Amino acid sequence: MPAVTETREAVEKLAKSSYEWGFETDIEMDIAPKGLNEDTVRLISERKREPAWMLEWRLKAFRSWLEMKEPDWAKLKHPPIDYQDAHYFAQPKKKPGPKSLDEVDPELLRTYAKLGIPLHEQALLAGVEPAEGERLPVAVDAVFDSVSVATTFRKTLEEAGVIFCPISDAIREHPDLVKQYLGSVVPVADNFFAALNSAVFTDGSFVYVPKGVRCPMELSTYFRINARNTGQFERTLIIVEERASVSYLEGCTAPQRDENQLHAAVVELIAMDDASIKYSTVQNWYPGDDEGRGGIYNFVTKRGICRGARSKISWTQVETGSAITWKYPSCVLAGEGSIGEFYSVAVTNNHQQADTGTKMIHLAPNTRSTIIAKTISAGHSDSTYRGLVRMQPKARNARNFTQCDSLLIGDQCGAHTVPYIESRNMTARVEHEATTSKISEDQLFYCRSRGLSQEDAVGLIVNGFCREVLKELPMEFAVEAQKLLQISLEGSVG
Amino acid sequence: MSGQSVAGQTSAALDAFVERAAARSTVLAGTGIPTRRVEAWRYTPLRSITEIVWKEAAPLDAASAKNLLDKIAYPANGHLFIFGNGREVTSLSSLPENVLRTDAEAVDPLEDRFSAVLNGALGRDGLSIRVPKNVDAGLLTLATLHQGSAISTHLRHRIVLEEGASLTLFDANVGEGEYLSNPRFDIILAEGARLRHVKHQSEAENAAHLAIINVEVQGNAEYDSFTLNGGGAVARHEVVTTLAAPHALVHVNGVQVVNGTRLNDLTSMIHHAAPDCNSRQTVKTVLSDTAQGVFQGKILVDRVAQKTDGYQMNQALLLSEKAQINSKPELEIYADDVKCSHGATVGALDDEQLFYLRSRGVPEAEARDILVTAFLTDALELVADEALRELLLKGLFS
Amino acid sequence: MSDFLNICGLQARIDADGTPKDILKGIDLDIPRGEVHAIMGPNGSGKSTLSYVLSGREDYEVTGGSATFKGQDLLALDPEERAALGVFLAFQSPVELPGVNNANFLRTAVNAVRRARGEDELDAISFLKTVRAETKHLSMSDEMLKRAVNVGFSGGEKKRNEVLQMRLLQPSLAILDETDSGLDIDALRIVAEGVNSLRSPDFSALVITHHQRLLDYIVPDRVHVMAKGRIIHSGGPEVAKILEKQGYTQFLEAAA
């Protein structure tokens, strides 16, 4: 049918849209030699001026990693990764410091501007308070090739009792907290990539929100891979005490390159009684070109534990980038009445592959979880939702609702749904629904007969398809996410 | 292997023993018996079968066969064909007039499916038939009976329906003792053919049942199957079906009623390999005591299979604190112009409904039965043949 | 022949499950600037097909003839280009767009058309002002703007939403495809008023209907009778009255 052909053509055209963030920042880097062995781990620990216990922790992880095999159960295909052919440490030569803008390389500031960090970026990084307005300020920690270069609003946050700093600072300044919680949700040998991260992570963010404190602003991290052949391994640890809450935003970009770059992050969240953590990600790593050359391999372990009663962890992700995405942000619902949420949009185009989803592990009574996953596949891409809902024997009256919808654009892509549902408690209730369809020609024609171009119509319908997820994003991010969907599928909402 | 089955000292028995020993080493040297690390068996442990797979049983005589068969309800009309401990019970078996017996043929080894691998290594005997073009062969009851201890059978059946032919197959499985039944069916439905395959699996409580059904459905043909999975210590009914030409239609429906310490498993792969095909699947599982239920249903839609309409629903009802359900409904889709959906629910009986019935004077146990029956009924209604539906209902509540 | 909408010998077919089916078998129709024409005809006569072909639906293959609008080859344009040029199709049953906010959709459409016509885009505030005035005029609740396009709308609400779009997009040719089907009398009036309010020397309409009823409210300049893919009779408003009283038989016989 001609309409179908035209949709496909439109999509193919979209596939050619260039990666807007594919610039390279010209900053002098201090780079460790290629390769990975115990000496690499020692070098990282030494450069980060870490205490001995941290080095031991890393070595333990490294030794477990040596014994482990790369997981192969995901629906992903890629040439073998040579873990010896990457730099495991790279940092801007000029000494970074969060205290004064003068210490930040002007190139870096220009990078932020190009990134379009949806904030009052320059002012923020310069430490200027925003004008009085209805908008909440946002604190930013920018991680540049796995080194934190600036953490804004640190002082304001400190007054509220909130610690928000690079994890390497936390290791030195808050060793007790780090010792207690690091690896408590994702143990060093949890999986191949988590073990690798534990051994070689170079930076990331640390957040601690004390009892009863609502974090006065959104916390935000920007991750960017810049140097050639570097792996990026950030580590994030967020601890929210009783009755406290935080909203955390994470954005990612990387320059356009021919070769694949490895990214393996670990995020751990801990929520005590009545605490709430909202973790939002817009992942826009370089996806490779339209022939499938280059792009980031993104193997991420994200897990939160609702330790306390009535605590809540909510993951929202918009995944448009990376050549390969392997990512399952999960919730362990250990506190009675705790809540886990997962809202996801995954868009793949060209030769991208995504295998992403979540695990909701219900351990305690009256726990609730919601999963809304929207998958859009175009071009030659493959996208898989993989999820686990497990009701353990003690999860009396637990509830889960899962909705997975896939949209296929063109006949050369694939969309897959692989849910695992396991229940060991008769009073627990699980409901799962999944659909797969394509953009209807009726909808496209309706929009076009009202004057919208084919691309705009696709964008509008896709954004509508993702609405339930996009509305979960904080305002600042929602705008950016919509923009990203536009670029990934070149439709616009106007 | 104890001396018992070799005790007859017939050379045939000895040959069989040697053959089985060789097969055992082949299987074990190859894939081995899958552990729970193997994705397809993560919910269904097979440890228990290792003890009983390898011994061959003595054939059953007609009287024992008849006694066993009478343990379940089976159609009084139509033809009956019986395998007792893996051998045809000729005195009780007959085929419909127009149905031809054929020779066994080489089949797809299905190497990634353990039930098929095991059958491939040890399989012998079975029913190979062909229903000629445009013949309606009516009803055939195929009874697979077992009696004994630590024995296994691995029947190979082949059912070919030529263009426009039709057959209703009642597939009855019952036995006594400790055994493994590992039948394989290869079913080929030519253009416009229709097979109704209604199965009652009511194996003994210490038995294992690993059935593999491999079905090819050509254009405008229909494979309409329903399985009542209700017996065995460990029982998997596994269907691999390919919709090979436009307007093929497949139903893989079923009900699993699992109690005690039993585990019942319904695993299916519905492969849409041609455009304009439909598949429908409804599977309901009721679990009590410390029983475990498994549902693994995959719908695979090839790139060429545009305009596929696939629907799958699986629901589980847990009646006890210790029962367990593991469900994995899966969609793997490579064509864009499709309508595929699945739904799954897991839960207990609805307290409000229970209360409503009790407040109207229905005793609790009876009220539960009413609600469980109601839960299963809409799946059972998918059995198109009313008489067979009644038989299954009897089996369900006997 | 006018320089406005001119249809000449138009033929079109649809692919029905692999076999092409001819639906339009040579339509000749001329609608001058400022006139309202009605097309009436029995089911299956090709009325809806004509409206889809004129607005650019791709399921139909044009196999012969031509259609020009304002001197341009209408059939060569994409649907959105036709919209920008001033063609508006009010759908018989408008499709639902789940998750797409109605107000957002309207603004996107209005601005896309304004852009194409070389007009300034409306910012959020002036758009909202415009749309509020229109919804009030159409007795629509603001709540309808917040919902997803046509999702959960009643039949009447969908039609109002179509009229709202028509008023906002300011077309020069409105095609109403059985917009009156399933409407109560109040909704019918609203649709009719929507069309009448746009009537001007620069606005034409093609009203496709089964019933005389709608033509009591939108009085046409010409009425065409369509059957089996052809226009078999054309006349003044009195044709609708004759059809109402006597049915299609006499026209069908005359054409046979």
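The residue numbering used here restarts from 1 in each chain and proceeds along that chain's sequence as written. Chain letters and ligand numbers both follow the written order, the letters beginning at A and the numbers at 1. Totals for whole chains, interfaces and linings use all residues, but because this is a predicted model, local features are given only for residues with pLDDT of at least 70 and pairs of side-chain atoms are given and counted only at 80 or more. The side-chain figures draw on all heavy atoms in the structure; neither hydrogens nor water molecules are used.

**Q** Quick one: what's the story with the overall build of chain B, residue by residue and with numbers?
**A** A run of H or I in DSSP counts as a helix once it spans at least four residues, and a run of E counts as a strand once it spans at least two, with each numbered from the N terminus. Within chain B, the regular secondary structure consists of 6 helices and 19 strands. As a reference, a globule follows 2.2 Å times the number of residues to the power 0.38, and the radius of gyration itself is taken over C-alpha atoms. For chain B, the C-alpha radius of gyration of 21 Å lies close to 21 Å, the compact-globule estimate for 398 residues. When accessible area is computed with a 1.4 Å probe and restricted to protein chains, residues below 20% of their type maximum are described as buried, those above 50% as exposed, and intermediate ones as partly exposed. Of all 398 residues assigned to chain B, the portion counted as buried reaches 57%. Here, two residues are considered to be in contact whenever any of their heavy atoms come within 4.5 Å of each other. Across chain B, contacts joining residues at least 24 apart in sequence account for 85% of those joining residues at least 6 apart. Using a 1.4 Å probe, the Shrake-Rupley method yields the accessible areas, and only the shown protein chains count as cover for residues. Taken as a whole, chain B presents about 15,500 Å² of accessible surface, with 49% of it coming from carbon and sulfur.

**Q** Lay out the pattern of salt bridges with the relevant residues and their values.
**A** Salt bridges are defined as contacts in which a side-chain nitrogen from Lys or Arg sits within 4 Å of a carboxyl oxygen from Asp or Glu. For the structure shown, the criterion picks out 67 salt bridges over all chains. The residue lysine 75 of chain A makes a salt bridge to glutamate 332 of chain B at a minimum N-O spacing of 3.0 Å. On the criterion of chain membership, the pair formed by lysine 75 of chain A in the loop between helix 3 (52–67) and strand 2 (90–92) and glutamate 332 of chain B in strand 18 (residues 324–333) is interchain, its members lying in two chains. For lysine 75 of chain A, a relative accessible area of 28% puts it in the partly exposed group. A salt bridge links lysine 307 of chain B to aspartate 337 of chain B, with the nearest nitrogen and oxygen atoms 2.8 Å apart. Of the two residues, lysine 307 of chain B sits in the loop between strand 16 (292–301) and strand 17 (309–318) while aspartate 337 of chain B sits in the loop between strand 18 and strand 19 (339–347), which places them 30 residues apart along the sequence. The exposure class of lysine 307 of chain B is partly exposed, given its relative accessible area of 44%. Beyond isolated ion pairs, a larger network of salt bridges with shared partners links Lys75, Arg390 and Glu422 of chain A together with Glu39, Arg42, Lys298, Lys328, Glu330 and Glu332 of chain B.

**Q** Kindly report on a positive patch on the surface, identifying the contributing residues and their values.
**A** Patch membership requires over 30% relative accessible area and the absence of a salt bridge. Like charges are linked within 9 Å, and nonpolar side chains (Val, Leu, Ile, Met, Phe, Trp, Tyr) within 5 Å. By the counting rule applied here, Lys and Arg register as positive and Asp and Glu as negative, while His and the ends of each chain are not counted. By convention, charge coordinates are those of NZ in Lys, CZ in Arg, CG in Asp, or CD in Glu. On the surface, Lys21, Lys25, Lys228 and Arg230 of chain C cluster together into a patch of positive charge. Tracing the sequence through the fold places lysine 21 of chain C in strand 2 (residues 19–31).

**Q** Mind laying out the nonpolar core, listing which residues take part and the relevant values?
**A** In this structure, Ile376 of chain A together with Leu5, Ile7, Ile27, Leu29, Leu50 and Leu54 of chain C are the most contacted members of the largest nonpolar core, which totals 112 residues. Top contributing element to this core by residue count: helix 7 (residues 185–198) of chain C, with 7 residues. For leucine 29 of chain C, the contacting residues outside a window of four places in its chain are Leu5, Asn6, Ile7, Ile39, Leu50, Leu206, His224 and Ile231 of chain C. Counting residues in hydrophobic clusters, the runner-up holds 60 residues, among them Met217, Leu219 and Cys331 of chain A together with Val301 of chain B. Nonpolar core, defined: a set of buried Ala, Val, Leu, Ile, Met, Phe, Trp, Tyr and Cys residues in which side-chain atoms within 4.5 Å join the residues together.

**Q** Tell me about the interface of chain C and chain A, and please be specific about residues and values.
**A** At the interface, 33 residues of chain C touch 24 residues of chain A. Buried surface at the junction of chain C and chain A, summed over both partners, amounts to about 2,400 Å²; 60% is from carbon and sulfur atoms. Looking only at chain C, the three residues that lose the most surface to chain A are Arg57, Glu58 and Glu80 of chain C, adding up to 25% of its buried area. Residue arginine 448 of chain A pairs with aspartate 78 of chain C through a salt bridge whose shortest N-O separation is 3.5 Å. We call two N or O atoms a polar contact when they sit within 3.5 Å, provided that within protein one can donate a hydrogen and the other can accept it, with sequence-adjacent residues counted only if both atoms are side-chain atoms. There are 11 residue pairs in polar contact (both at pLDDT 80 or more) connecting chain C and chain A. Secondary structure elements with two or more residues in the side of chain C that touches chain A: helix 1 (47–55), helix 2 (79–85), strand 6 (87–90), strand 7 (97–101), helix 3 (102–116) and helix 6 (155–169) of chain C. With 7 residues, helix 3 of chain C is the largest single contributor of residues to the side of chain C that touches chain A. What counts as buried area is the accessible surface, traced by a 1.4 Å probe, that two parts surrender upon association, with contributions from both included.

**Q** Give me the UniProt feature "domain: ABC transporter" (unreviewed entry) in chain C: which residues, what numbers.
**A** UniProt positions are given in the numbering used here, feature names are shortened, and annotations may be inferred rather than shown by experiment. The UniProt record marks residues 5–253 of chain C with the feature "domain: ABC transporter" (unreviewed entry), using the residue numbering of this structure. Helix and strand shares over residues 5–253 of chain C are 39% and 31% respectively, and the end C-alpha atoms of the span are 29 Å apart.

**Q** Can you break down helix 9 (residues 192–200) of chain A residue by residue, with the values?
**A** All names here are of chain A. Burial of helix 9 is extensive: 9 of the 9 residues sit out of reach of the surface. Every buried residue of helix 9 is listed here: Phe192, Phe193, Ala194, Ala195, Leu196, Asn197, Ser198, Ala199 and Val200. Two or three places before phenylalanine 193, at the opening of helix 9, asparagine 191 has a side-chain oxygen 2.9 Å from that residue's backbone nitrogen.

**Q** Would you mind going over the sheet that holds strand 11 (residues 222–227) of chain C in detail, with residue names and values included?
**A** Residue and element names in this part refer to chain C. What makes two strands pair is DSSP finding at least two bridges between them. What the 6 strands build is an open sheet, ordered 6-9-10-3-11-12; its pairing is mixed. The open sheet has two edge strands, strand 6 and strand 12 (230–235), and neither has a second partner. Direction aside, neighbouring strands of the sheet carry axes that sit 20 degrees apart on average. Direction of pairing for strand 3 (residues 36–40) relative to strand 11: parallel, over a ladder of 4 bridges. The partner of isoleucine 39 across the bridge, within strand 11, is histidine 224. An axis is simply a line fitted to the C-alpha atoms; with a helix, the fit covers only the stretch in contact. Between two such axes, the angle follows the N-to-C directions and lies from 0 to 180 degrees.

**Q** Explain the packing of aromatic side chains residue by residue, including any values.
**A** Here is the rule: rings of Phe, Tyr and Trp (six-membered ring for Trp) pair when centre to centre is within 6.5 Å. Planes less than 30 degrees apart are stacked, more than 60 are edge-to-face, and the remainder are tilted. Evaluation of the coordinates by the stated rule reveals 26 aromatic pairs over all chains. Ring geometry for tyrosine 297 of chain A against phenylalanine 299 of chain A: centres 6.4 Å apart, planes inclined by 85 degrees, an arrangement best described as edge-to-face. Neither tyrosine 297 of chain A nor phenylalanine 299 of chain A differs from the other in exposure class; each is buried. Centre to centre, the rings of tyrosine 446 of chain A and phenylalanine 105 of chain C are 5.9 Å apart; their planes meet at 15 degrees, and the pair counts as stacked. With tyrosine 446 of chain A in helix 10 (residues 441–449) and phenylalanine 105 of chain C in helix 3, this pair bridges two chains. Its relative accessible area of 0% is what places phenylalanine 105 of chain C among the buried residues. In textbook terms, an aromatic cluster arises when at least three aromatic residues are bridged by ring pairs, as seen for Phe62, Trp65, Trp73, Tyr83, Phe192, Phe193, Tyr297, Phe299, Trp326 and Tyr328 of chain A. The cationic tip of arginine 450 of chain A hangs over the ring face of tyrosine 446 of chain A; the distance from NZ or CZ to the ring centre is 5.1 Å. In this scheme, Lys NZ or Arg CZ marks a charge over a ring once it lies within 6 Å of the ring centre and within 35 degrees of the ring normal. Above the plane of the ring of tyrosine 52 of chain C lies arginine 57 of chain C, whose end atom (NZ or CZ) is 5.8 Å from the centre.

**Q** With reference to specific residues and values, describe the side chain of threonine 49 of chain C.
**A** Residue and element names in this part refer to chain C. For threonine 49, the location among the structural elements is in helix 1. Here threonine 49 falls in the buried class, since its relative accessible area comes to 7%. Each residue touching threonine 49, except ones within four places of it in the same chain, is listed here: Ile23, Leu24 and Tyr60.

**Q** Any chance you could break down the interface of chain A and chain B for me, citing the residues and the numbers?
**A** Across the contact, 33 residues belong to chain A and 35 residues belong to chain B. Here chain A and chain B share 4 salt bridges between them. Notably, a salt bridge pairs aspartate 337 of chain B with lysine 438 of chain A, separated by 3.9 Å at the nearest N-O pair. Along the contact surface separating chain A from chain B lie 21 residue pairs in polar contact (both at pLDDT 80 or more). For the side of chain A that touches chain B, the elements supplying multiple residues, two or more each, are strand 22 (414–423) and strand 23 (429–438) of chain A. Note on residue classes: Ala, Val, Leu, Ile, Met, Phe, Trp, Tyr, Cys and Pro are nonpolar, Asp, Glu, Lys and Arg are charged, and everything else, Gly too, is polar. A per-class count over the side of chain A that touches chain B returns 11 nonpolar, 12 polar and 10 charged. Of the pairings in the sheet, the one linking strand 23 of chain A to strand 19 of chain B comprises 7 bridges and is antiparallel in character. The residue of strand 19 of chain B that forms the bridge with threonine 436 of chain A is cysteine 340 of chain B.

**Q** Any details on unusual backbone geometry? Residues and values, ideally.
**A** Trans peptide bonds make up most of the peptide bonds, and negative phi angles are found at most residues other than glycine. A positive phi angle, near 70 degrees, is found at serine 322 of chain A, a position not held by glycine. Mapped onto the elements of the fold, serine 322 of chain A is located in the loop between strand 14 (312–319) and strand 15 (324–327). Even without glycine at this site, asparagine 150 of chain C takes up a positive phi of about 65 degrees. Within the element layout of this structure, asparagine 150 of chain C appears in the loop between strand 8 (148–149) and helix 6. Take asparagine 150 of chain C: its relative accessible area is 0%, and that puts it in the buried class.

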